[in-house]
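These are the residues of each chain, in order.
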Amino acid sequence: MEQKKIYDCFEKDFTIGNVRIGGDYGEIPTVLIGSIFYMNHRIVKDPQTGSFDEEKAGALIKTCNTLSEQMGVKYMLDVIGNTPEALIRYITFLKGITDAPILLNATLPEVRIAALQELNRRGMLDGIVYNSINGFSTSEELDVLARLPIQASVIQAYNPGSKKADGPYKVLTGKGEKEGFLDKAARAGMTKIMVDIPALDLSNMGTIPYAARVIKEELGIPVGTAPSNATYASPWLRNKEIISTEQFRAVDASVNSYLAANGCNFLFIGPIDGCRWVMPSVAAVNAFHVYGKRSGGICPLTKEHPMYKVL
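Residues numbered from 1 in each chain as written. Predicted model: local features only at pLDDT ≥ 70, side-chain atom pairs only at ≥ 80, totals over all residues. Heavy atoms only, no water.

**A short note on the confidence of the model for the protein chain**
Reading predicted coordinates in detail is not appropriate for stretches of low pLDDT. Of all residues in the protein chain, 98% have pLDDT values of 70 or greater, and the mean over the chain is 94. For the stretch residues 1-5, pLDDT sits under 50, and the model shows one contact to residues farther than four places along the chain or on other chains. (pLDDT = per-residue confidence, 0-100. Contact = heavy atoms within 4.5 Å.)

**Here's the deal with the nonpolar core**
Of all hydrophobic cores here, the largest spans 80 residues; its most connected members are Phe37, Val79 and Leu145. For this core, the element with the highest residue contribution is helix H3 (residues 84-95), accounting for seven residues. Excluding residues within four positions of it along the chain, Leu145 makes contact with Ile113, Leu116, Tyr130, Ile133, Ile150, Ala188 and Met190. Grouped together as the second largest cluster of nonpolar side chains are 15 residues, Val19, Val31, Val129 and Met194 included. (Core = buried A, V, L, I, M, F, W, Y, C linked by side-chain atoms within 4.5 Å. Buried < 20%, exposed > 50% of the residue type's maximum accessible area, 1.4 Å probe, protein only. Helix = DSSP H or I, 4+ residues; strand = E, 2+ residues; numbered from the N terminus.)

**Brief notes about the pairing of strand S9 (residues 152-156)**
In summary, the side chains of a regular strand alternate between the two faces of the sheet. The buried count for S9 comes to four of five residues, which makes it a mostly enclosed element. Relative to S9, strand S8 (residues 128-133) runs parallel, the two sharing three bridges. Paired with Asn131 across the strands is Val154, a residue of S9. Crossover handedness for the path S8 to helix H5 (residues 139-147) to S9: right-handed. (Pairing = 2+ DSSP bridges. Right-handed = clockwise from strand over helix to strand, strands pointing away.)

**So, the sheet that holds strand S6 (residues 75-80)**
Overall, parallel pairing links the eight strands, which are arranged S3-S6-S7-S8-S9-S10-S11-S12 in a closed barrel. Taking the axes of each pair of neighbouring strands and ignoring which way they run, one obtains an average angle of 30° across the sheet. Here four bridges tie strand S7 (residues 102-105) to S8, and the two strands are oriented parallel to one another. In the strand pairing of S8, Leu104 is matched with Tyr130. Lying on the sheet, helix H4 (residues 109-121) is in contact with S7 and S8; it crosses S8 at an angle near 160°. Strands in contact with helix H12 (residues 275-292) are strand S3 (31-36), S6 and strand S12 (266-271); relative to S3, the strand with the most contacts, it is inclined by about 175°. (Axes fitted to C-alpha atoms, helices over the stretch in contact; angles between N-to-C directions.)

**What to know about a nonpolar patch on the surface**
Together, Phe288, Tyr291, Val310 and Leu311 give the surface a local cluster of nonpolar side chains, amounting to about 400 Å² of exposed area. Mapping Tyr291 onto the fold places it in helix H12. (Patch = residues over 30% accessible without salt bridge, like charges linked within 9 Å, V, L, I, M, F, W, Y side chains within 5 Å. Areas by Shrake-Rupley, 256 points an atom, 1.4 Å probe, with all protein chains shown as cover. Salt bridge = Lys/Arg side-chain N within 4 Å of Asp/Glu carboxyl O.)

**Regarding H5**
Every buried residue of H5 is accounted for by Glu141, Leu142, Val144 and Leu145. Considered in projection along H5, the buried side chains sweep an arc of 160° and stay on one side of the axis. Turned more than 90 degrees off the buried face of H5, the exposed positions are Glu140 and Arg147. Turning to H5, the residues buried within the fold contact H4, S8 and helix H7 (181-187). (Arc of directions from axis to C-beta.)

**What about the packing of H4 against H5?**
Where H4 meets H5, the closest approach of the two axes is 11 Å, and the angle between their N-to-C directions is 15°. In terms of orientation, H4 and H5 fall into the roughly parallel class. Crossing of H4 over H5 shows left-handed handedness. Contacts from Pro109, Arg112, Ile113, Leu116 and Gln117 in H4 reach Glu141, Val144 and Leu145 in H5. Per-class residue counts for the contact of H4 with H5 are five nonpolar, one polar and two charged. (Parallel < 35°, antiparallel > 145°, perpendicular 65-115°, else oblique. Left-handed = near helix turned anticlockwise from the far one by under 90°. Nonpolar A, V, L, I, M, F, W, Y, C, P; charged D, E, K, R; others polar.)

In structure tokens form, the structure reads like this:
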């Protein structure tokens, strides 16, 4: 009971930038998160300085904006950088061409923190999501986050000791004197959190909905996953002798739609270009689902819901 009082600080559904996320499934469309400036992304010229092809980057964002308006599915951008300088350059550019929330991502926490501090000095933290708080987050990292005016973060709910449906939930809440990841997020001053259930492989896609259900029923906070980690790494899907590009995209869209249909509030779809085949599929699933739940009193909470676009 005492833990639940602490967890009351986390919002059940909230808005970041121009995107609303969370709530009961069907009310708010599934949010798609596309990665940009990732390792070996062809538009990046120099990953250390953040030099990139602005025309090609702009075209990718334009496609997402157009599809989002047509389909009623909102998106966020997972911006990945090697250095604080690169992250600042990427984010400054993106904020000039889109209102989509930006997940600030880097392998090293010191890179993420340095970029956040510089963005704060420039007054550019609005719409920024910290990616992520996890099992490796240190007290020093959390203390710095607590001093910055940022309240949104992804939490990676990886539990190496359990593959059961309640495994992610257990690392979130902790046990006994052991601090859970939600306690870390609370210490860091976060109020808007997105719980990312690890996607390990294709077989894992069948168990994630059960893990998500446990978290939603117990905590009510937004939960999602990264199906792209499974689809893009699958030996079967990567075998071009048996799977064509068109077939890969069909399977990728199906996997994302399956998870959207099973209550995930957000999905990391991998490279941003994937919005071209994932977004229409997820929009259709979102529209069908809420239309069927109207008799139970469930209605869209946004006027731009896919139900109004697709049906």
